[in-house]
Amino acid sequence: MRLKISLLKEPKHQELVSCVGWTTAEELYSCSDDHQIVKWNLLTGETSQIVKLPDDIYPIDLHWFPKSLGIKKQTQAEIFVLTSSDGKFHLISKLGRVEKSVEAHSGAVLAGRWNYEGTALVTVGEDGQIKIWSKTGMLRSTLAHQGTPVYSVAWGPDSEKVLYTAGKQLIIKPLQPNAKILQWKAHDGIILKVDWNSVNDLILSAGEDCKYKVWDSYGRPLYSSQPHEHPITSVAWAPDGELFAVGSFHTLRLCDKTGVRNVLNDAVDLLEFRDRVIKASLNYAHLVVSTSLQCYVFSTKNWNTPLIFDLKEGTVSLILQAERHFLLVDGGGIYLYSYEGRFLSSPKFPGMRTDILNAQTVSLSNDTIAIKDKADEKIIFLFEASTGKPMGDGKFLSHKNEVLEIALDQKGLTNDRKIAFIDKNRDLYITSVKRFGKEEQIIKLGTMVHTLAWSDTCNILCGLQDTRFTVWYYPNTVYVDRDILPKTLYERDASEFSKNPHIVSFVGNQVTIRRADGSLVHISISPYPAILHEYVSSSKWEDAVRLCRFVKEQTMWACLAAMAVANQDMTTAEIAYAAIGEIDKVQYINSIKNLPSKESKMAHILMFSGNIQEAEIVLLQAGLVYQAIQININLYNWERALELAVKYKTHVDTVLAYRQKFLETFGKQETNKRYLQYAEGLQIDWEKIKAKIEMEITKEQERSSGSQPTKSTGLKH
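Not measured: the values here are computed from a predicted model. (Residues numbered from 1 in each chain as written. Predicted model: local features only at pLDDT ≥ 70, side-chain atom pairs only at ≥ 80, totals over all residues. Heavy atoms only, no water.)

Overview of the pattern of salt bridges
The line we're drawing: Throughout this description, the term salt bridge denotes a Lys or Arg side-chain nitrogen within 4 Å of a carboxyl oxygen of Asp or Glu. Where helices and strands are cited, they refer to DSSP runs of H or I of at least four residues and of E of at least two residues respectively, numbered from the N terminus. When a residue's accessible area, from a 1.4 Å probe over protein chains only, is under 20% of the maximum for its type it is buried; when over 50% it is exposed; and in between it is partly exposed.
Counting across every chain of the model gives 28 salt bridges. For the salt bridge of Asp-483 with Lys-585, the shortest nitrogen-to-oxygen distance reads 3.4 Å. Of this pair, Asp-483 sits in the loop between helix 1 (477-480) and strand 43 (489-493) while Lys-585 sits in helix 6 (residues 583-593); the two residues are 102 residues apart in sequence, bridging distant segments of the chain. For Asp-483, a relative accessible area of 59% translates into the label exposed. Asp-653 serves as the salt-bridge partner of Lys-692, at 3.0 Å between the closest nitrogen and oxygen. Of this pair, Lys-692 sits in helix 13 (residues 686-706) while Asp-653 sits in helix 11 (residues 652-665), and the two are 39 residues apart along the sequence. For Lys-692, a relative accessible area of 23% gives the class partly exposed. Look at Asp-653 and you get buried, because its relative accessible area is 14%. Counted as one network, the salt bridges with shared partners bring together Asp-481, Asp-483, Lys-487, Glu-582 and Lys-585.

Right under this line is the structure:
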């Protein structure tokens, strides 16, 4: 990306331009010491004077009211705050009418910022005060009083904290009284400008020490520039948090969020557009380009005839691609299109704010759209891609902690779709997107995970985990056999990537990582797990076994074992478990293969994966009540075993007999009131009980022989 600077033949301002503010991607307002407010249109090249301010008003800072809030009164969203050297701030409409002027500070008002909800305004001044105002300009509180001028201020992403300068220090102060204040020395000279991005939660600062720096919200340094020739007087984030601009004397730099100048320009084909390019994304054999007015969709097979359609709003902040379609996010909403340019859906939920969405908080697959909620960051909304309607019964995914990053897997059936996410404790979790009317387990996959990505060709997940690069070759193992999950992982040292690396992409078997210094590092992982995924998805079990025998790696056998159990191919599962030395599980699989009915086999496969409740449901639906009771007895679920026996009026004595035998083994007395109640006056006759059990087994065998015969090799989809 290049930073293009153009000057009109007839500049409208006669004096120093002190502040600017964008209204759209093509419209800019500027204020100057010549007391003029000028509107610039980049599309037409036209400029026009909006208003001539009184001669005693020298503007210092300008900030537009947030426009992406869906406010009914559009006029409210079309005002900006202008701070000036006379100690006042002014609320001015888009048409140039001064709606209100407020006496705010002693000395110049050096900065003013609306919060992200548009419910409050913060101003700072030469008098060292930080004041909070209502959106109509009424004073709410004086947040702090410094002994030195406060040159710059910014709201935290949640609008609950304010960041401001204090000489060489940066201070984050919550609005709540008596809340903990975070303060740190940020520069060796006076800090002149700060900005805090609501999407990536990163802080920019610039000072008289001629440096600009990037910080996280805990005050930890992420990047520090080399000293420039002159003090850095201005810094500002792009709304999506991917780029920021740095201003100094005769210098304007466009940087990516790691603080490195973006100088990538390796295009071979020259693609020219009528309007300015806002965003571009290349994936799945398609290039999607957004300009200020239109969207262009190129196929990599044909660069000459793109598909073009008009955009509702020209401020596209995010493009996400999946195999079948792509997603555009702008200030007005979220829109899903096919690669033929056909509009598919526009998912919505109450309080949705598109201005803070990025690639970490929105995820797209062929059938699902996932969006993290901003109002409650523990919630992830799930939508059907084709219709934009909430997934299933409209329930959302709720976690116990705030979620930082989400990612949907890209391959497989909709019913098997998984979402992985990282929470604020940096723990990695996985869960199913489809709920099936029951509460699906959210299972932890790893700890201290900073960034993650799914492969675009198969459901392999990778992440940077503390000082390790980790690949989960078959994350679904946690639902099948959690014991062997460590055997399905690939790990290598990641210290070479330095601090705060980020996974950019995972294409095929190549992972691209951006280091903190901005450089890209490519890691190749084994191609064999992806081939194994392909064989299993096509039910080529013999090919899968041959591949594992050829590769001779434990991770491959462990993945195949879990895949075989998930697909109920117990013959393959037996071979794979034997290869990784899980002899007890081989014996259990053998016992499953010898069961008389397909329902019993299915139930015990589910039990093997830890799905006890589902196993019980399968048996009860098949009328195998005794078998359902027996699996609960085997697992010492005594309450449930008795509950089933009483409910179906069968084998109550069997349950009581096994309970009595269990207590006698450990020398215990019965204390459970329900068991005491049903045991009263009942004589245990083991001969009678064994005869009943034999009869149940015989009945099941007869029933099985009368129905479709089941191979002893296990069930296959």
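Brief notes about helix 8 (residues 612-621)
Put simply, the rule reads: Arc definition: it is the arc formed by the directions from the helix axis to the C-beta atoms. Here, two residues are considered to be in contact whenever any of their heavy atoms come within 4.5 Å of each other.
Among all positions in helix 8, only Ala-615, Glu-616, Leu-619 and Leu-620 are buried. Seen from one end, helix 8 has its buried residues packed into an arc of 130°, which puts them on one side. Away from its buried face by more than 90 degrees, helix 8 exposes Gln-613 and Gln-621. Buried residues belonging to helix 8 abut helix 7 (598-608), helix 9 (625-634) and helix 10 (638-648).

Here we look at the packing of aromatic side chains
Stated precisely, the cut-off is as follows: Aromatic pairs are defined between Phe, Tyr and Trp rings, using the six-membered ring for Trp, whenever the two ring centres lie within 6.5 Å; interplanar angles under 30 degrees are classed as stacked, those over 60 as edge-to-face, and all others as tilted. Geometrically, a charge over a ring is one whose NZ (Lys) or CZ (Arg) sits within 6 Å of the ring centre while staying within 35 degrees of the ring normal.
Applying the stated criterion to the full structure yields 29 aromatic pairs. Between Phe-421 and Tyr-429 the ring centres are 5.7 Å apart and the planes differ by 15°, which places this aromatic pair in the stacked class. Per residue, the accessibility class of Phe-421 equals that of Tyr-429, and both read buried. Between Lys-312 and the ring centre of Phe-343, over which it is positioned, the NZ or CZ distance is 5.5 Å.

Structural notes on empty space enclosed by the protein
What counts, and what does not: Here the term cavity refers to a set of points on a 1 Å grid, laid over the protein atoms alone, in which a 1.4 Å probe fits but cannot get out; the term pocket refers to an open set having protein on both sides within 12 Å along at least five of seven lines, with lining residues being those that place an atom within 4 Å of a point. Grid points are joined across faces, edges and corners, and a volume is the space filled by probe spheres set on the points. Only Asp, Glu, Lys and Arg are considered charged in this grouping, and only Ala, Val, Leu, Ile, Met, Phe, Trp, Tyr, Cys and Pro are considered nonpolar; every other residue, Gly among them, is considered polar.
For the structure on display, the rule yields two cavities of 30 Å³ or more. There is about 40 Å³ of room inside the largest cavity. The wall of the largest cavity is formed by Leu-311, Lys-312, Glu-313, Val-316, Leu-328, Asp-330, Tyr-335 and Tyr-337. Of all the secondary structure elements, the ones that give two or more residues to the lining of the largest cavity are strand 29 (325-330) and strand 30 (333-338). Residues belonging to the lining of the largest cavity are distributed by class as follows: five nonpolar, no polar and three charged. Phe-349, Gly-351, Met-352, Arg-353, Ile-356, Leu-357, Ile-371, Lys-372, Asp-373 and Lys-374 are the residues that line the second largest cavity.

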